[in-house]
Amino acid sequence: MDKDCIIGRYLKLGNGLMTGKCITSDKNIKVRTCQVDSWCPIEQSRPPLNGITPLLLGTQDFTVLVKNSIEFPEFGVAYQRRNILESATNTYLQKCLYHPKTDPYCPTIRIGDIVNFANENYNNVGLTGAVFSIQINWDCSFDWGKTMKDCLPKYSFSRLLELKNGVESMNNLNPLISK
């Protein structure tokens, strides 16, 4: 019953937040269950919502704030920096959005852009789920006269897991988590 599916309720062993709707289970039509909103793919052999409706429509404008730092202790305390540049003001950080050409040092990245920069389709990802990686390359070649001011982050994006029969393969994920 809908009254048992409290909007926003989270079960410890559940797969997301309840939407408030009680629906027929996609595994057994005789069973009713609480519908949930979730982002991470649920580990099963077929797409959620029967692969018809993307999960969490509109999340492409959600953002991720990337915080990263690098240091070279052998050279002393002057050889460390964050990906958030010293020149970044609070106003800039509240308004900027990462773009490789127009704002390559903004640490705020739209989820939709992460998907696009990884050469994936947002609507397809919404149907199948996906795990993405944000790689940060720091080119700090001090041997060639570069200083810490020249040591700047460069972001790249990729999808970590491959699709098998149209479904995100979670087999590769467990070894990554257990280490």
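Rules of the game
Residues numbered from 1 in each chain as written. Predicted model: local features only at pLDDT ≥ 70, side-chain atom pairs only at ≥ 80, totals over all residues. Heavy atoms only, no water. Helix = DSSP H or I, 4+ residues; strand = E, 2+ residues; numbered from the N terminus. Buried < 20%, exposed > 50% of the residue type's maximum accessible area, 1.4 Å probe, protein only. Contact = heavy atoms within 4.5 Å. Areas by Shrake-Rupley, 256 points an atom, 1.4 Å probe, with all protein chains shown as cover. Disulfide = S-S within 2.5 Å. Lys, Arg positive; Asp, Glu negative; His and termini not counted. Salt bridge = Lys/Arg side-chain N within 4 Å of Asp/Glu carboxyl O. Phe/Tyr/Trp six-rings, centres within 6.5 Å; stacked < 30°, edge-to-face > 60°. Core = buried A, V, L, I, M, F, W, Y, C linked by side-chain atoms within 4.5 Å. Pairing = 2+ DSSP bridges.

**A few points about the overall build of the chain**
The number of helices and strands found in the chain is 4 helices and 10 strands. If you list the helices and strands of the chain from N to C, you get β-β-β-β-β-α-β-α-α-β-β-β-β-α. With 179 residues in all, the chain has 31% of them scored as buried. Here the analysis covers contacts within the chain between residues at least 6 apart in sequence; of these, 43% occur between residues at least 24 apart. Carbon and sulfur atoms make up 53% of the accessible area of the chain, which totals about 12,200 Å².

**Digging into the environment of Lys95**
With respect to the helices, strands and loops of the structure, Lys95 is situated in helix α1 (residues 90-95). Residue Lys95 is classed as exposed on the basis of its relative accessible area of 68%. For the pair formed by Lys95 and Cys106, sequence separation is 11 residues and the distance between their alpha carbons is 9.4 Å.

**Regarding the state of the cysteines**
On inspection of all chains with the given rule, the structure shows 3 disulfides. With its sulfur 2.0 Å from that of its partner, Cys96 forms a disulfide with Cys106. One quick way to see it: the torsion about the S-S bond of Cys96 and Cys106 is about 75°, and its sign makes the bridge right-handed. Separated by 10 residues along the polypeptide, Cys96 in the loop between α1 and β6 (108-110) and Cys106 in the loop between α1 and β6 bring together distant segments of the chain. Between the sulfur atoms of Cys140 and its disulfide partner Cys151 the distance amounts to 1.7 Å. Taking the sign of the S-S torsion, 45° for the link of Cys140 and Cys151, the bridge is right-handed. Within this pair, whereas Cys140 is found in the loop between β7 (132-138) and β8 (153-159), its partner Cys151 is found in the loop between β7 and β8, the two being separated by 11 residues in sequence. Cys151 carries the same exposure label as Cys140, and that label is buried.

**Considering the side chain of Asp103**
Among the secondary structure elements, Asp103 is positioned in the loop between α1 and β6. We note that Asp103 is buried and unpaired, the nearest opposite charge coming from Lys95 at a distance of 12 Å. The residues contacting Asp103, other than those within four sequence positions of it, are Tyr92, Cys96, Leu97 and Tyr98.

**Things to note about the packing of aromatic side chains**
Following the criterion strictly, the structure yields 5 aromatic pairs and no others. Aromatic side chains Tyr98 and Tyr155 sit 5.3 Å apart centroid to centroid with 80° between the ring planes, which places their arrangement in the edge-to-face category. Of this pair, Tyr98 sits in the loop between α1 and β6 while Tyr155 is found in strand β8, placing the two residues 57 residues apart along the sequence. As far as the burial class goes, Tyr98 and Tyr155 line up, both buried.

**Description of the nonpolar core**
Counting 9 residues, the largest nonpolar core consists of Val66, Cys96, Tyr98, Cys106, Ile109, Ile114, Ala118, Tyr155 and Phe157. Setting aside residues no more than four positions away along its own chain, Phe157 makes contact with Tyr98, Ile109, Ile114, Phe117, Ala118, Ser133, Ile134 and Gln135. Grouped together as the second largest cluster of nonpolar side chains are 7 residues, Cys140, Phe142, Met148 and Cys151 included.

**Describing unusual backbone geometry**
Phi at Asn119 is positive, roughly 60°, even though this residue is not glycine. Turning to its location among the elements, Asn119 is positioned in the loop between α2 (111-117) and α3 (122-128).

**Here's the deal with the pairing of β8**
The alternating pattern of β8 places Pro153, Tyr155, Phe157 and Arg159 on a buried face and Lys154, Ser156 and Ser158 on a face that is not buried. By the bridge criterion, 7 bridges tie β7 to β8 in an arrangement that is antiparallel. Bridge pairing in β8 places Phe132 opposite Arg159.

Just distances and angles here, no functional claims.
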